[in-house]
Every structure is written in structure tokens, then in C-alpha cells.
Amino acid sequence: MTAQQEHDIDMEKNMVVCENLVKIYKTDDIEVIALQGLDLTVEKGELMAIIGNSGSGKSTLLNMLGGLDRPSAGELYVDGKDLLKLTDKELIEYKRETVGFIWQNNARNLVPYLTAVENVEMPTMFMKGRNRKRAEELLDIVGLSHRKHSKLSQLSGGEQQRVAIAIALSNEPKLLLADEPTGAVDTKTAMQILDVFRKLTETLGITIIVVTHDRQLSSKVDRVVAIRDGRTSSEFVRRRSYAEEMKSIAAGMEIEEEEDRDKTHEELAVVDRVGRIQIPREYLSSLGIDGRDRVKVDFEGDRIVIMKPKD
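Scope of this entry: the structure provided in the associated data block. (Residues numbered from 1 in each chain as written. Predicted model: local features only at pLDDT ≥ 70, side-chain atom pairs only at ≥ 80, totals over all residues. Heavy atoms only, no water.)

## Quick look at the sheet that holds strand β1 (residues 14-26)
If you walk across this open sheet you meet the 4 strands as β2-β1-β4-β5, and the pairing is antiparallel. Of all strands in the sheet, those bounded by a partner on one side alone are β2 (31-43) and β5 (81-82). Across the sheet, helix α2 (residues 58-65) is in contact with β1, β2 and β4 (73-78); its angle to β1 comes to roughly 115°. (Pairing = 2+ DSSP bridges. Helix = DSSP H or I, 4+ residues; strand = E, 2+ residues; numbered from the N terminus. Contact = heavy atoms within 4.5 Å. Axes fitted to C-alpha atoms, helices over the stretch in contact; angles between N-to-C directions.)

## Points about the environment of Ile-102
Locating Ile-102 in the fold gives a position in strand β6 (residues 99-102). Judged by relative accessible area, which is 0%, Ile-102 ranks as buried. In contact with Ile-102, not counting residues within four places along its chain, are Asn-109, Gln-161, Ala-164, Ile-165, Ala-168, Leu-176, Leu-177, Ala-178, Asp-179, Pro-181 and Phe-197. (Buried < 20%, exposed > 50% of the residue type's maximum accessible area, 1.4 Å probe, protein only.)

## Here's the deal with the pairing of strand β3 (residues 47-51)
Where burial is concerned, most of β3 is hidden: 5 out of the 5 residues are buried. Residue alternation in β3 divides its side chains into two sets, Leu-47, Ala-49 and Ile-51 and Met-48 and Ile-50, and both sets are buried. Here β3 pairs with strand β8 (residues 207-211) via 4 bridges, running parallel. Within β8, the position partnered with Ala-49 by the bridge is Val-210. Relative to strand β9 (residues 223-228), β3 runs parallel, the two being bridged by 4 bridges. Residue pairing across strands places Ile-51 opposite Ala-226, the latter belonging to β9.

## Some thoughts on unusual backbone geometry
Located in the positive-phi region is Asp-79, a residue other than glycine, with phi close to 55°. The residue Asp-79 is located in the loop between β4 and β5 in this model. In this model, Glu-180 sits at a positive phi of 50°, which is unusual for a non-glycine residue. Looking at the element boundaries, Glu-180 is found in the loop between β7 (175-179) and α7 (187-204).

Okay, here's the thing in C-alpha cells:
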């Protein structure tokens, strides 16, 4: 089986496949490695979050997925398309037909002097001609049809963000990328926005990737991928699925309010294809090991043990 055939099989269930993804930014005086061998798969119809500190590479990854920047090396497939091999024309078509973007800053999404429905209608002018009916349908999907004639100054921050989501849906994307979509709203509004995202995955089958610093938001999705130093370091997988929680609520069972993601998710380290694993710094520090030390690795029963070698 060829490598391409393997990817074709992956794409039957996966919207995104990144393997050993590398991005290097070069200037005359400096070279910065933003991604250094990142691996990631995202299934079709999945709602997942990516977290990481500033400079970890998460925004670089989002730009790659959105076709705003090209990888330096590795493999990146989205909806079966090899983004490293797309021509400039094909990349434009990809951005127009496959992905939608939601930014934290509403100024990048919305025109302030237009109404909500006019904002959503505007992108349709550049695709299939002006379409008021389609704009109204999109506002209804995000639960904002009753505010369609309101100007932006009359809408709350959460309502403005829902208008932005409707705009991002105007090209009927298969992949929706949200960069800190709840960064400018309160916790209650953030949960409402997340409910909209979940509705989109369930009813339209859209794959949604959310980049966020919001721990509460990330605790509400089923999978969270942590990026550190340009690589996928760990995943947080929900111990109890969202659907199971909703069934419990419907059955009248009380769900304890849990603000700590560690209570709702299990953290799993990610091993890449060549066997590399990122060990949390606090674990190494507790053993007196820093990034330049050698360690002893041993196999004990069903465990791989990492320890500081004896002097």
C-alpha cells in the first residue's frame, strides 16, 4: 500500500491529518522554528480545542489549516487535499470552498454600519450573488433571526460573535477554525457560543477546531490537544462524554459543577511516529532533571520507566 493510499483511507474519517509538520520563519538575521514535527488528526464532525502558551505554535497551525500560510516541511492534509502541493489558484479555491474563519476581534469579521443580516449577506455577493434568504437562514442557525435588522451597536458581544459565526458559514465550509472566539465575552456567553458550535457539528456535520486559552471552554469539549514548543505534547480526553452528561440531565440527575478540566478530562501524553514523547517539565524537575540531562529508560512489566541515572 502506498503512502497516498494510506492517506486516502485516513480521509474517510479524518478531516485533518498532520504528520511531522514543520514551519520555519526566516529573516536576514534570524530563523525561528514555529512548528517542529507536529502530529495531529481531527475526525470529521469533531468539535475539539487546541491550547498552548504564547509562542507554542497553535496560531501558526491555525494559519496552516486555513491556507493563510504554507508549511515548510512535513505532511498536511485537509479534506483529502495535500496543502503542501496546492498551486496558488488551488489554494484560493480551498480557502473559498473548504474553510471558514472566526476571529477573536470582531473588527475582522463585521462591518459596523451594516445590520446583522446585511453583514451575513455581504459575503454571498462574492460567491453566488446577493442572497438575503440564505443570510436569514444562517442567522436562524446561530439563533439570531430575531436580531437580524439590528445594527452592531445594538448587539451584545456574544450576539456579535454569533453574527461572525453566521458569516463564517456563508461559504458552507467543511472545516471551521475559531481563534479565541470567546476571548472578549463573559463565561455565560462563552458557553452559549460553544452550544452553537456543538449544534453545528451535530446538525451540519462541520468539523470545528477552537484555539483557546479559556480553561472552562476547553473543559466542555470532548478532546483538547495541548501544543508545546511546536509539537503536540498531550491530549485531554473527556472521561464522560457530553452526550452522556446530557442524558443524565434529562433523567433528572444533578451534574456537579466542575471548573477544573483535570476533573472532567484524562491527560494522555502523545507519542509521535518515531517514538518521541514530551514529558511535562514539572515531572522532570521533581527528579532533578533538566533539558540537557540524560535519563535512564527501562521496561518493567507493562510500564516504561524513566529515571535519573545513578552517579
